[in-house]
Amino acid sequence: QEGTNNIAAFDQMGNDNEEVMYQEGDGNTAILEQNGNNGYGYMHQKWGGAANNFSKVVSNGNNSRHFTVQTWGVNNVINAVQTGNGNDSYSGQFVGNDNNILMTQTGNINLSNAQQSHGYLNQTTVLQRGEENTSTAYTYGSDNIVTVERAHYAVGNVFNNVSDVNQDGDDNWAKVFQHGDGNESDVKQ
């Protein structure tokens, strides 16, 4: 940690978990809660005056990984919750302010990747419930909204869905709802 008023909190329950964290700047908060075995986490809040950023990852299950990066910006928020085994989440906010990423994965072997760069006031929400779902959301610009939701209201879990959302510009809005199995979507704005 370099800077002032930074907070780093770890709560690891289980065996063979590993966490790497870098903080530089002022007023950054990074919280990790790992409950399970063989988990890996990487949190990076630094470079270019990264300040007042918040990142919280909760991982319940075995063999799950998360990578969280916030650089060159202020007032960015990342919240990620993973429940199940073999889940991977990647979230990044680069060169921008006041951006928000929320990722929730419940089930096994899900992959979520959300990146926001060169803008401000972006919102990405990924909700995955089921098995072997993959979600990718890239936002380059400002005032963009991405929502990806995977859950079957009647049955609960969904399986083997893929979505890819790419936004390049300002004031874009994309919603992807997949309430079934084996669906694919590709959105470019």
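Rules behind the numbers
Residues numbered from 1 in each chain as written. Predicted model: local features only at pLDDT ≥ 70, side-chain atom pairs only at ≥ 80, totals over all residues. Heavy atoms only, no water. Core = buried A, V, L, I, M, F, W, Y, C linked by side-chain atoms within 4.5 Å. Buried < 20%, exposed > 50% of the residue type's maximum accessible area, 1.4 Å probe, protein only. Helix = DSSP H or I, 4+ residues; strand = E, 2+ residues; numbered from the N terminus. Contact = heavy atoms within 4.5 Å. Polar contact = N/O pair within 3.5 Å; in protein donor to acceptor, adjacent residues only side chain to side chain. Pairing = 2+ DSSP bridges. Axes fitted to C-alpha atoms, helices over the stretch in contact; angles between N-to-C directions.

To continue, consider the nonpolar core. The biggest cluster of nonpolar side chains holds 17 residues, and the ones touching the most others in it are Met 43, Val 57, Ile 101, Met 103, Val 146, Val 148 and Val 165. Mapped onto this core, the elements with two or more residues apiece are β3 (29-35), β7 (77-83), β9 (100-108), β13 (145-150) and β16 (173-178). Apart from residues no more than four positions distant in its own chain, Val 165 is found in contact with Thr 136, Ala 137, Tyr 138, Val 146, Ala 174, Val 176 and Val 187.

Position of Gln 128 among the secondary structure elements: in strand β11 (residues 123-131). On the basis of relative accessible area, Gln 128 is assigned to the buried category, the value being 2%. Within the structure, the side chain of Gln 128 is placed 3.5 Å from the backbone oxygen of Leu 111, a separation counted as a polar contact. Here Arg 150 takes part through its side chain, which lies 2.3 Å from a polar atom of the side chain of Gln 128.

Here we take up the sheet that holds strand β10 (residues 111-120). Strand pairing in a sheet takes place through backbone hydrogen bonds and is either antiparallel or parallel in direction. Strand order in the open sheet made by the 8 strands is β2-β4-β6-β8-β10-β12-β15-β17, with parallel pairing throughout. The open sheet has two edge strands with one neighbour each: β2 (18-23) and β17 (184-188). On average, adjacent strands in this sheet sit at an angle of 0° to one another, irrespective of strand direction. Examined bridge by bridge, strand β8 (residues 88-97) and β10 share 9 bridges and lie parallel to one another. Each residue of the ladder has a partner; that of Gly 96, found in β10, is Gly 119.

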